[in-house]
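Spelled out from the first residue to the last, the chains are:
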Amino acid sequence: MNQLELNRKELKRKAREQMKKATPHFWLFTLVYLLLTMGPSLVADVTGVSTITLDHGIPFLPLFLSLLLILYQMVMKFGYTWWALKSYRGEQGDFGCLIDGFSMAFQVILLEIMVFLRAILWTLLGCVPATIIATVCILLLPPWAATLAYFVFIVFVFLYTYCVMLRYDMTFYVLVDHPESGVNYALTQGVIMMKDWMWEYIKLNLSFFGWYCLNAAISTGVLFAFIWSELIPVIQGVDISSVDQVMAVIYSNVVASVASTLVSIPISLWLEPYHRITTAGFYHHRQEQIQPLVDYHYRPNV
């Protein structure tokens, strides 16, 4: 096998094996993770806290809570990444992994901010010239060619942005292994790990695409079933303007939303840890292949 190729089947097979050995069970750990990350947002929406405003109409509290939830979810996501890496390596990863990230919350949040800023910068560097070229083509070319140019531009922006984001996927695994080295080390080492391996990583992610499509199709199918049941009276010319009928429609929409979410949970509880542990395996594979980045900040005194 070429040095720049990855045995995806073997990597995913090992991930599945490690999932079976995980204690607590991978689906239970993922369920707790989802409840702890999504639960606070749902509670804020249901209680109406997210819509409270000040006397002058300034939504200070919702903005503060939204920012707090984003920071909280960043740290919890890091804890899940930590668990995934431990699971792939066959180490004990209990529920404590979800809160271990809070011991280095400042580093996690700073790394998230730095990744975001760098991703924005690289995206602009690539998309601004493409936007100029696409605009010139649309203005000068005939309609059919301008439409084609616009389509190519949209595809390019999507793929380019996707690749830019993938470029930093390994940085948080590096931070798990080397918290003492700081976020700059994690960023630099993570980018080095992806050098010449982007295509292999893309193919690894695409191998999960069918499962995500299946899960989305099931959820969407349930949602459309409820929508269709609401459209039948309209098609038949039934008057639905009464209060009771309007409330029935609202209730049906809530039920549809909840049902479409619940029906996707079983696959999500298997697919999310499967994908994340396999990604951790990719990092572990690359980490064994390359020498740690060493610069003057990390050289021992001699």
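The coordinates are above.
### Observations regarding the packing of aromatic side chains
Moving on, step 1. Taken as a whole and judged by the stated rule, the model has 15 aromatic pairs.
Moving on, step 2. Geometrically, the ring pair formed by F78 and W82 is edge-to-face, given 5.8 Å between the ring centres and 70° between the ring planes. You can see F78 and its partner W82 sitting in helix α3 (residues 60–88), 4 residues apart, about one turn around the helix.
Moving on, step 3. For F78, a relative accessible area of 2% corresponds to the buried category.

### As for the environment of S264
Moving on, step 1. Take S264: it is sitting in the loop between α11 (243–262) and α12 (265–289).
Moving on, step 2. The class of S264 is buried, set by a relative accessible area of 14%.
Moving on, step 3. Along the backbone, S264 and T220 are 44 residues apart, and their C-alpha atoms lie at a distance of 9.4 Å.
Moving on, step 4. Residues in contact with S264, not counting those within four places in the same chain, are N215 and S219.

### Re the pattern of salt bridges
Side chains bearing opposite charge may pair, as long as their charged atoms lie close to each other.
Moving on, step 1. Evaluated as defined, the whole model comprises 6 salt bridges.
Moving on, step 2. Note that E17 and R13 form a salt bridge whose closest N and O atoms lie 2.3 Å from each other. Taken together, the residues span about one helical turn, with E17 and R13 both in helix α1 (residues 8–21) at a distance of 4 residues.
Moving on, step 3. Close ionic contact of R89 with D177 constitutes a salt bridge, the shortest N to O distance being 2.8 Å. Of this pair, R89 sits in the loop between α3 and α4 (97–100) while D177 sits in helix α7 (residues 171–177), and the two are 88 residues apart along the sequence.
Moving on, step 4. Relative accessible area serves as the criterion here: at 23%, D177 is assigned to the partly exposed category.

### Some thoughts on the packing of α1 against helix α9 (residues 198–206)
Moving on, step 1. Running from N to C, α1 and α9 cross one another at 55°; their axes reach a closest spacing of 11 Å. One finds that α1 runs oblique with respect to α9. Seen along the crossing, α1 lies across α9 with a hand that is right-handed. On α9, the residues touching R8, L11 and K12 of α1 are E200, K203 and L204.

Calculation rules
- Residues numbered from 1 in each chain as written.
- Predicted model: local features only at pLDDT ≥ 70, side-chain atom pairs only at ≥ 80, totals over all residues.
- Heavy atoms only, no water.
- Phe/Tyr/Trp six-rings, centres within 6.5 Å; stacked < 30°, edge-to-face > 60°.
- Helix = DSSP H or I, 4+ residues; strand = E, 2+ residues; numbered from the N terminus.
- Buried < 20%, exposed > 50% of the residue type's maximum accessible area, 1.4 Å probe, protein only.
- Contact = heavy atoms within 4.5 Å.
- Salt bridge = Lys/Arg side-chain N within 4 Å of Asp/Glu carboxyl O.
- Axes fitted to C-alpha atoms, helices over the stretch in contact; angles between N-to-C directions.
- Parallel < 35°, antiparallel > 145°, perpendicular 65-115°, else oblique.
- Left-handed = near helix turned anticlockwise from the far one by under 90°.

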